[in-house]
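# Understanding the architecture of this molecule
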Amino acid sequence: MSEGASRRGFFRDLGKAVASTRDALAPDAQPEPPAPPPPYGGLSDAEVERYARQLVLPEWGAAAQAALSEADVLVVGAGALAAPVASYLVGAGVGRLGILDPDVVEVSNLHRQTLHFTPDLGVPKAESAAAKLRFLNPDVVVEPYQVRLEEDNAAALIEGQDVVVDCSDSFATRYAVNAACCAARVRLVEAGVLGLQGMVMSIKPGRTACYRCAFPAAPVDAPSCADAGVLGPAAGVVGSLQALEAMKLLTGVAPALTDGFLQVDLASAGFLRVHASRRADCPDCGKL
Ligand SMILES: [Zn+2]
């Protein structure tokens, strides 16, 4: 290489160095923007994949998912209403779900209680339901209790819950759950279904009307499910509404159905919102 060629190479390299320094110092030169944070920070890749269709909802997102994943929910009853309630809450990724029922699976349950199958006949309903729910989402802690909720054990069963979802089928249990939830200020979703009729109601004790505010006394001569009958899809609709109310209470994703109840008439496909107010003389919540 001649001396001239070497000098030309030197000046060419020097020119490039000056140009790159000038570009770096230019007033409009900006540093590379930092990489955006992951859209669902705190969630594992597996969780993002499992919950993708709800995470993508603008109303839901990572905040609602996190709130749900930290929640303790007790489902009272493991029958027709509990099937959609527990399935949707466990599927959506609730933190812990307790499910209680004193009974065993009977063949007459199977047309509407979709967590129980024919081979489960004679198995405690709470255990049968828990087994399916663990298959559905192994990340959720599912705790079955073969026990009947009554006035004397209600407080202990409800203690520490974020929301109780009452899927029982008796007025006595419903009033016991309401009283215990009011006393402990635990939020509650009540519901009932018979024939083609149902109702759903969310309760924030001390802030909104409770079940006894809306229904001060049980109806006289109310027919039982065994006497009056019920169609499976009717229970499915009401239970699904109940699951949605629980998710609203736990995440704030939408206003819960409080200070009244939704009356559901599935014969005419009619939904009627009925207002109810807190009662100062309510034995359950009047003093809160
Ligand atoms: Zn009340």
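See the structure printed just above.
Okay, so let's go over this structure. This structure is a prediction, so every number in the text was calculated from the model and none was measured.

### Quick look at helix 11 (residues 232–251)
- Here helix 11 is 20 residues long and its end C-alpha atoms lie 28 Å apart, about the 28 Å a rise of 1.5 Å per residue gives.
- Summarising burial for helix 11: 14 of the 20 residues are buried, a large majority.
- Gly 252 occupies a position one or two residues after helix 11 and carries a positive phi of about 70°.

### Concerning the side chain of Arg 174
- Along the polypeptide, Arg 174 turns up in helix 8 (residues 171–184).
- On the accessibility criterion, Arg 174 (8% relative accessible area) is buried.
- Excluding its chain neighbours within four sequence positions, the residues that come into contact with Arg 174 are Asp 166, Ser 168, Asp 169, Glu 190, Ala 191, Gly 192 and Tyr 211.

### Describing the sheet that holds strand 5 (residues 187–194)
- Spatial strand order, 3-2-1-4-5-6-7-8: 8 strands in an open sheet with mixed pairing. Edge positions in the sheet fall to strand 3 (141–145) and strand 8 (270–275), since each of these pairs with one other strand and no more. Sheet twist, expressed as the mean angle between neighbouring strand axes with direction ignored, is 15°.
- Set on the sheet, helix 8 makes contact with strand 1 (72–76), strand 4 (163–166), strand 5 and strand 6 (197–203); between it and strand 5 the angle comes to about 170°.

### What to know about the pairing of strand 5
- Of all 8 residues making up strand 5, 6 are buried, and the element is well covered by its neighbours.
- Bridge analysis of strand 4 against strand 5 gives 3 bridges, and the strand direction is parallel. In the strand pairing of strand 5, Val 163 is matched with Arg 187.
- Regarding the hand of the β-α-β motif, the stretch spanning strand 4, helix 8 and strand 5 is right-handed.
- With 7 bridges joining them, strand 5 and strand 6 adopt antiparallel strand pairing. In the strand pairing of strand 6, Glu 190 is matched with Met 201.
- From the end of strand 5 to the start of strand 6, which pair antiparallel, there are 2 residues, and Gly 195 there has a positive phi angle of about 60°.

### Remarks on the side chain of Thr 173
- When you line up the elements, Thr 173 lands in helix 8.
- Taking the relative accessible area as the measure of exposure, Thr 173 reaches 13% and is therefore buried.
- With residues up to four places along the chain from it excluded, the contact list for Thr 173 reads Val 76, Leu 149, Asp 166 and Ser 168.

### Re the packing of aromatic side chains
- Under the definition given, this model contains 3 aromatic pairs.
- Geometrically, the ring pair formed by Tyr 211 and Phe 215 is tilted, given 5.1 Å between the ring centres and 40° between the ring planes.
- Note on Phe 215: relative accessible area 24%, which makes it partly exposed.
- Connected via pairs of aromatic rings, a cluster forms that spans Tyr 175, Tyr 211, Phe 215 and Phe 261.
- Between Lys 132 and the ring centre of Phe 117, over which it is positioned, the NZ or CZ distance is 4.8 Å.

### Considering the environment of Glu 106
- Along the chain, the position of Glu 106 falls in the loop between strand 2 (96–100) and helix 6 (125–136).
- Judged by relative accessible area, Glu 106 falls into the partly exposed class, the value being 46%.
- Counting along the chain gives 10 residues from Glu 106 to His 116, while the straight-line C-alpha distance between them is 9.2 Å.

### Concerning the nonpolar core
- Among the nonpolar cores identified, the biggest contains 44 residues, and Val 94 and Leu 97 are the most heavily contacted of them.
- The biggest single contributor to this core is helix 11, with 8 residues.
- Among all residues touching Leu 97, those that are not within four sequence positions of it are Val 73, Val 75, Ala 86, Leu 89, Val 90, Leu 133, Val 140, Val 141, Val 142 and Glu 143.
- Ranked by size, the runner-up nonpolar core spans 28 residues in total, among them Val 177, Met 201, Cys 210 and Cys 213.

### Some words on unusual backbone geometry
- Even without a glycine there, the phi angle at Arg 185 is positive, about 55°.
- By secondary structure assignment, the location of Arg 185 is in the loop between helix 8 and strand 5.
- We note that Ala 269 has phi near 55°; this positive angle belongs to a residue other than glycine.
- Along the polypeptide, Ala 269 turns up in the loop between strand 7 (260–265) and strand 8.

### Description of the packing of helix 7 (residues 151–158) against helix 8
- At a minimum axis separation of 9 Å, helix 7 and helix 8 run at an interaxial angle of 45°. Classified by the angle between their axes, helix 7 and helix 8 sit oblique to one another. Seen along the crossing, helix 7 lies across helix 8 with a hand that is right-handed. Residues Glu 151, Ala 154, Ala 155 and Ile 158 of helix 7 touch helix 8, and the partners they reach there are Ala 176, Val 177, Ala 180, Cys 181 and Ala 184.

Conventions adopted
Residues numbered from 1 in each chain as written. Predicted model: local features only at pLDDT ≥ 70, side-chain atom pairs only at ≥ 80, totals over all residues. Heavy atoms only, no water. Helix = DSSP H or I, 4+ residues; strand = E, 2+ residues; numbered from the N terminus. Expected span 1.5 Å × (residues − 1). Buried < 20%, exposed > 50% of the residue type's maximum accessible area, 1.4 Å probe, protein only. Contact = heavy atoms within 4.5 Å. Pairing = 2+ DSSP bridges. Axes fitted to C-alpha atoms, helices over the stretch in contact; angles between N-to-C directions. Right-handed = clockwise from strand over helix to strand, strands pointing away. Phe/Tyr/Trp six-rings, centres within 6.5 Å; stacked < 30°, edge-to-face > 60°. Lys NZ or Arg CZ within 6 Å of the ring centre and 35° of its normal. Core = buried A, V, L, I, M, F, W, Y, C linked by side-chain atoms within 4.5 Å. Parallel < 35°, antiparallel > 145°, perpendicular 65-115°, else oblique. Left-handed = near helix turned anticlockwise from the far one by under 90°.

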